[in-house]
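The primary structure of each chain is shown beneath.
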Amino acid sequence: MRHKWFLPERSPHPISFKKRGVRLALLAAAAVGFSGLFSITVPQSVSAACVINVAPNDVLNLRSGASSRTSIVGFISPSRCGVRILRRSGNWGYVTWRGRQGWANLRYIGEGDEGDGAIGGGVVTGCVVNVALNDVLNMRSRPTASSRIVSYLRPSECGVRVLSTRGRWVRVNSGGATGWVNGRYFNY
């Protein structure tokens, strides 16, 4: 039996084919065995974000379409940052993270703050992780647990600007305050 392959009119994947209602992404094949054949250029203006509101023992599913009824094409672990939102459709965003692409529900994506200057010549932002909802992450004057508290960050707060690091400590800027946070509770 011969099957007809055709390009869909609108596809969420850069290269995609449709067969009997099931999307097969060539991008997945590219990631597995043909990684050097395809490259995707991400515009500089897209926003950087972090995965939020996902339990530590769960993942954020990436889907083939902007719906929870579409197939899962990948995932991102909780609290990961550097997620890029390429386009939006309602409460869904087509995102990319470390070569993985797909649609994700935007309630699980906390967008970063695009500013100027930072580590490595680009803006680096991060999210607060592993902090209980009724607690805060202290920002300290120096990279030690015994130094003075200068401000705090809310649980799951994202878009916090990273200035530098020292050991497990991260120097951040948020809301006009600059201080050091323990890297155990901050992901960038």
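Structure shown above.
Here we summarise the structure given alongside this text. (Residues numbered from 1 in each chain as written. Predicted model: local features only at pLDDT ≥ 70, side-chain atom pairs only at ≥ 80, totals over all residues. Heavy atoms only, no water.)

Here's the deal with the overall build of the chain
Then step 1. Across its full length, the chain carries one helix and 16 strands.
Then step 2. The contacts in the chain between residues at least 6 apart in sequence include a share of 49% that link residues at least 24 apart. (Helix = DSSP H or I, 4+ residues; strand = E, 2+ residues; numbered from the N terminus. Contact = heavy atoms within 4.5 Å.)

Comments concerning the side chain of R140
Then step 1. Summarising the element assignment, R140 is placed in strand β11 (residues 137-140).
Then step 2. At 9.8 Å, D135 is the nearest oppositely charged side chain to R140, a buried residue that forms no salt bridge.
Then step 3. A distance of 2.6 Å separates a polar side-chain atom of R140 from the backbone oxygen of S147.
Then step 4. If near-sequence neighbours (up to four positions away) are discounted, R140 is found in contact with A145, S146, S147, R148, I149, V150, W169, G179 and W180. (Buried < 20%, exposed > 50% of the residue type's maximum accessible area, 1.4 Å probe, protein only. Lys, Arg positive; Asp, Glu negative; His and termini not counted. Salt bridge = Lys/Arg side-chain N within 4 Å of Asp/Glu carboxyl O. Polar contact = N/O pair within 3.5 Å; in protein donor to acceptor, adjacent residues only side chain to side chain.)

Side note on the state of the cysteines
Then step 1. The final tally for this structure, using the stated rule, is one disulfide.
Then step 2. Here C127 is linked by a disulfide to C158, with a sulfur-sulfur distance of 1.9 Å. Judged by the sign of its S-S torsion, about 115 degrees, the cystine formed by C127 and C158 is right-handed. You can see C127 sitting in strand β10 (residues 125-128) and its partner C158 sitting in the loop between β12 (149-153) and β13 (160-166), a full 31 residues away along the chain.
Then step 3. Taking relative accessible area as the criterion, C158 reaches 18% and is therefore assigned buried. (Disulfide = S-S within 2.5 Å.)

Digging into the packing of aromatic side chains
Then step 1. A complete count under the given rule lists one aromatic pair for this structure.
Then step 2. Note that R87 overlies the ring of Y94, its terminal NZ or CZ placed 4.8 Å from the centroid.
Then step 3. Above the plane of the ring of F75 lies R100, whose end atom (NZ or CZ) is 5.0 Å from the centre. (Phe/Tyr/Trp six-rings, centres within 6.5 Å; stacked < 30°, edge-to-face > 60°. Lys NZ or Arg CZ within 6 Å of the ring centre and 35° of its normal.)

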